Every structure is written in structure tokens, then in C-alpha cells.
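# Working through the structure, step by step
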Amino acid sequence: MKSEIMNIVNVIRQIGKGPLMIYAIALVLRLLYLLVMLPQIGPEHIVNQMPDTATYIEAADYLFGRSLTGQYELYLAGVGYPLFLGICTMLFGKVYWLILLMQIMLSSLSCVFIYKIARLLIKIKIVSLIAGILAAISLTSISLANALLTETLFFFLFTLSLYLFFKGMSTNSWRRVIIAGVLIGLAVLVRSAVLFFPVLLVIFAVLFPVHGQVEGRRQLILKGIVAALIMVSIMSIWGIRNKVAHDSFTVSGTGMGAAQKYLAAGVLYITSPQSSQGFIAFRDSLYRESLTDFNSGNYAEYHGNIRRMVISTFRQYPSLFIETYISNIWDNITVTSALHHVQIPRYKEKYEAVEQKINYGFNNPLVLILTITGFFILARRNLNIAVILLMIPLYFALMSGVTFGQGSRIFFPAQAVQPIMVAVSLVFLYDLLLIGRNLLFLRRKHQNS
Amino acid sequence: MKRNRTLIIAFCAMCVAIAALGMYFRSRDLDNTARIDNLTQSEPAMRYNTLDPGTQITELTDIMRENYMHFIKEYRSGKNVWHIIGQSGTYWITSGFMIKVTITAGRTKPPGESEKPIWQVLVYVMEIKSSAMLFVTIALICILGFGCLLINKERLPHLFPGQREDITHKGE
């Protein structure tokens, strides 16, 4: 018995107090949220929180042969999350709160990986701890962990793969880099937002500092290329499957669909004389026009129609298109979490009163400001690391420009590194306070003497 | 000493530039709000039929000014068209939206010739996003960025450990 306790103590020592504390905070907050949410919406309504959930469930049922419909949903969503849902429902049945429990555990682990990335790249314990805690208390992360949406599984795979990639870069480990390539390839299948991430992996390898036990620059670049190739190979498998099944080489149909439904439709809406009918009605009328026969299973024509519409809109109104794209980015990178309005409706009035006071409508620039400030400070410590960290939110910001009005979930993947930069800024502000206090102290001392 | 003086002058110049930018953004917001054509771009939010349009419009104007927005100004653009411009917050810098309300009054044909004319009062409301958030973001990034890049590393002991001077955070 005593030796078992000692073993547990040793394991805890090996993991470290910091990660354990972050995991515990994240887990408790997410579980509390679930406990508050479930009685308010009812366990049977977990699937009705967001319209996308129905798409994933239909795709999962089709994938596991439980339904004949759902091939279009599978084409839209990609295979990753339906596969996860399908395996979970095989294990637990259609008890969706158990799937949420699994997501809560994954989401809490993601916070630990953020701490570990910070430890690895910044090497300041207090910054890493604050980063982990910020990730743990993020309302977007907490609310998404309690929704049947792709984000939590994607975020877990993404943070884990980033950690393994950077760890592999800072040591002589090829194994970690290869696993990172595989995991980020799987992440694309869950959410196609990281479709162009292979380019960034190679840039990271070029920028990653060479020091200590690490091999030369050429070796690092080789590692980056290998990880990128593994990632491309994994996503290509599903792309080829879609090409064979639907004559459309794509990982998921949502990307181009979003560009049509939000970006191109947004531009056309501004230029339309019927703009008083409301954006959603206008967008849906455009969407209906581009619909083809989905039952045939051939989505190439549909995909082609969408692509042509997006390109023709850009050609017709290039400056307005770019303006709308930038405006969407601005909206997405500053938008605050709104999912709790649906998940915890009973306290809506209370937190809306607070939100109205601290936000600009549904937006708040504080995290963005602290992220950029963090970049400035990190640039003074190590410019390459600062650029690597900034490139991740920048990438997701550029990707988010094709859509809008979906709350903070679109820019959520940037939270893989944003808490680190925000933590750096908070420590900087604390140091600034200390400077002020020291100046006051010195002045008083001078007066007394 | 000379460096400190230069820094203070640079900081003051930056603050003046930020203030000027704020004034420009605010006046641009007001212009954009005034330029909104509520009558063609939006549907009426409220309709009233009344025999006494004067009282009705005065009441509506007061309600809009006091309850719906933080009032900035009002003006007329025609014989029977009134505009009210306001913002969502107490100050422009805290406002997410600029609001424009347009009230029109039009005479409709009475059913009988001897009856008094009936007036239809229509209220149009439109909101546009203000530039206040963009301004606050630019201003804070400039101020914090100034601090980040120009404060000596040794004065930031938690971020640059090993480079600290004899000054500690306990003020010793």
C-alpha cells in the first residue's frame, strides 16, 4: 500500500505540479459548466444546441452504416469528427453527455499542452502557468467542450501536435516530429482550417532556433518537410476518397461553402438593391440557386458552381470583396464567446448585462491587444520564437476571413498560442506596476532622507 | 538623462497623434451615420396613425433620445422628415454602434371629406458599427508597444531574468 502511494507520488512529481493544477482547474470548470448546463437545456437537447451538430451526427450514422442518408453531410464535414462521434456512440450508445465528458477531458488536456508549449518556447515558468490557467478559464474553450462540435477534438489534436513538433525540433527526436505530422494530418480531417498548415510547418523549421543538443539548420528543415509531407499524405487519403466517391478532390466541402455563403454572399448583399430583406434571407436565396441534386452523390458540379460564384464575385467587385474579407477578419478576431447564451439560457440576462458593459456589441479587442503586446515583448527575447508564435493566430485570422457571424469558434484554434502571448503581456504589465511602485518607494526614501 | 527626455517627448507626440486619430475617427463615424439613407435601406420599425402628428413626433423623439440611444444631435432634412443621431454607449469611445433614427410624417386621405386628415408616422432605425473599438485597439497597441520596446530589459525582471539591476520588486 505504501509503495503504491509512493508510486503515485512519483508519477505526480514526474508530471509536475503546474500541469496537474492546470488540468484540475480546467476539468473542474468544464464539469461545473456541464452540471449547470444539463438541467437547463435537458440532456436530450444536447444535439439541438447548434445546427452543425445535426450534420455531424448524420455523417457519423452514414459512416457507420446506421443510416442511408448523410453522404452529403460526410462530404461537408470531413471524416474526423463523424468518426469520433461514431466510435463514441458505439461505446456509449447515443448518450451524448458521455461524449461531452470525453471532450471535457480532451479540452482540459489541451490546456496542459499549452502550458507545455509555453515551457518549451518561452522557458519562464510563471508565464507558462498563467498561459495554462488562461486556457483553462477561456469561456470559448469551456463552452465548446460542452457542445457536440468539431472544435474541441481539433484543438486537442492541434495543441498536442504543436507541442510534439516543437519538442521534436528542440531535441534530436524524429519520432515526435513524425507523430506530430500524423496528428496534425488527423486534425485536418476533423476541421479543414489547417489545410495550408504544412507551409507553416516548414517556415517554423526555418525559423526555429538552433542551439544546444539540436542538429543543424538543414536537419531542422528536413524535419519540417517530413512533418508537412506526412500531413499532406494523410489529408490526401480522404481527398482521393472524395474524388472517387463524388468526383471532387477535397478534404471537406465546408471551406468553399463558407466562402460562398458568407464572403461572396456578403459582398453581393451590400451591392444588392434588395438589401432591406435581411442578410440571412438574401444568402439563403443565393444558396438555393446553387443547389444541385445531392442524392446523385456527385458534388463536383455543386463545388464547381460555388467556386465559380466566389471567383466571379471577386472579379466583379474586387475592392469590396477584399474590404469585406478584412472586415470579417476584424470581426472574427475580436468577437467574444456567445455559445453560453444558448447553453445556459437561464442566466442570460445577468451575463448579458455584464457583457454590454465590457464589450463593443459582441466584440472585445482586449485579447488581441494583449496578444500583439506579447509579440513585441517576445521579439525582444527571441525574434524567431515571437514570429513563430505570431504566425499561428495570423494564419487562423487569414483563414477566418471567409466567414462571419459564428461567434468565437472560428478563431478558437488561435488559442493554442494566444494565451502564451497574453500571459507574457500580463507579466509585463505586472513588471510595469513594480516599476511604478519602485519609483514611488525611491521618491519617499529620498524625501525622508 | 538625454534618452529619457527624448522618450518623454516621443511619448507625448504619440499621445497627441492618438488623440488626433480619435477625433478623426469620431467625426468620420458621425458623417457615415448621417449619410445613412434610412428611407431606402431599411424597413419601418414602427408605424402610427394619428390625428395629431406634432404630439406624436415630439413624444417619439423624446423616447428615442432618452431610452434608445445616447443622443448626439438631431436635424431635419425636409418638411416632414426628422433625423436623430446617437451612439450605443455614454461616450463615443465606449460605443459599439452608431444609431440613426429617421421619423417621417405623411398625410393619408381621410375616408370622408369633412373628417380631419389622418397622419401616418413612420420610424426607421439603423445601426452601424462605430470605429471606437478600432481606435482603442490602435491606441493601446501604440502605448503598450512603446513601453514594450523602450523599457530597459533589466526593469522587467520576470521576463528578462538575469538582467535585473539592483532594483528589486520589493523596492530595495
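Residues numbered from 1 in each chain as written. Chains lettered and ligands numbered in written order. Predicted model: local features only at pLDDT ≥ 70, side-chain atom pairs only at ≥ 80, totals over all residues. Heavy atoms only, no water.

### Observations regarding the overall build of chain B
Looking only at helices and strands, one finds four helices and five strands in chain B. A globule of 172 residues ought to have a C-alpha radius of gyration of about 16 Å, yet chain B, at 26 Å, is considerably larger. Overall size of chain B, expressed as C-alpha extent along the three principal axes, is 95 × 30 × 25 Å. For chain B, buried positions account for 37% of its 172 residues. Here chain B has roughly 10,100 Å² of accessible surface; of this, 57% comes from carbon and sulfur atoms. Measuring between centres, the 20 positive side-chain charges of chain B sit 8 Å from its 16 negative side-chain charges. (Helix = DSSP H or I, 4+ residues; strand = E, 2+ residues; numbered from the N terminus. Rg over C-alpha atoms; globule rule 2.2 N^0.38 Å. Buried < 20%, exposed > 50% of the residue type's maximum accessible area, 1.4 Å probe, protein only. Areas by Shrake-Rupley, 256 points an atom, 1.4 Å probe, with all protein chains shown as cover. Lys, Arg positive; Asp, Glu negative; His and termini not counted. Charge placed at Lys NZ, Arg CZ, Asp CG, Glu CD.)

### Digging into the interface of chain B and chain A
At the interface, 38 residues of chain B touch 31 residues of chain A. Of the roughly 3,000 Å² buried at the junction of chain B and chain A (both faces included), carbon and sulfur atoms supply 71%. Broken down residue by residue, the surface that chain B buries against chain A is led by B:M133, B:H158 and B:L159, which jointly contribute 24%. Linking chain B with chain A are seven residue pairs in polar contact (both at pLDDT 80 or more), by the criterion used here. For the side of chain B that touches chain A, the leading source of residues is helix α4 (residues 132-150) of chain B, giving 13 residues. (Contact = heavy atoms within 4.5 Å. Buried area = accessible area lost by both parts, 1.4 Å probe. Polar contact = N/O pair within 3.5 Å; in protein donor to acceptor, adjacent residues only side chain to side chain.)

### Examining unusual backbone geometry
One non-glycine residue, A:K123, lies in the positive phi region at around 65°. Its location among the elements puts A:K123 in the loop between α6 (96-121) and α7 (125-137).

### Notes on the side chain of A:S143
Residues and elements named next belong to chain A. Checked against the element boundaries, S143 lands in helix α8 (residues 139-145). On the accessibility criterion, S143 (1% relative accessible area) is buried. A distance of 2.8 Å separates a polar atom in the side chain of S143 from the backbone oxygen of L139. Not counting the four nearest positions on each side in its chain, S143 is found in contact with Y33, S337, L339, H340 and Q343.

### Examining the packing of helix α2 (residues 17-41) of chain A against α7(A)
Residues and elements named next belong to chain A. Packing of α2 against α7 brings their axes to within 8 Å, and their N-to-C directions diverge by 15°. Between α2 and α7, the angle falls in the class roughly parallel. As for how α2 packs across α7, the hand of that crossing is right-handed. Contact with α2, carried on its side by G18, M21, I22, I25, A26, L29 and R30, involves S128, L129, G132, I133, A135, A136 and I137 of α7 and no other residues of that element. Taken together, the residues that form the contact of α2 with α7 break down as 10 nonpolar, three polar and one charged. (Axes fitted to C-alpha atoms, helices over the stretch in contact; angles between N-to-C directions. Parallel < 35°, antiparallel > 145°, perpendicular 65-115°, else oblique. Left-handed = near helix turned anticlockwise from the far one by under 90°. Nonpolar A, V, L, I, M, F, W, Y, C, P; charged D, E, K, R; others polar.)

Keep in mind these values describe shape, not function.
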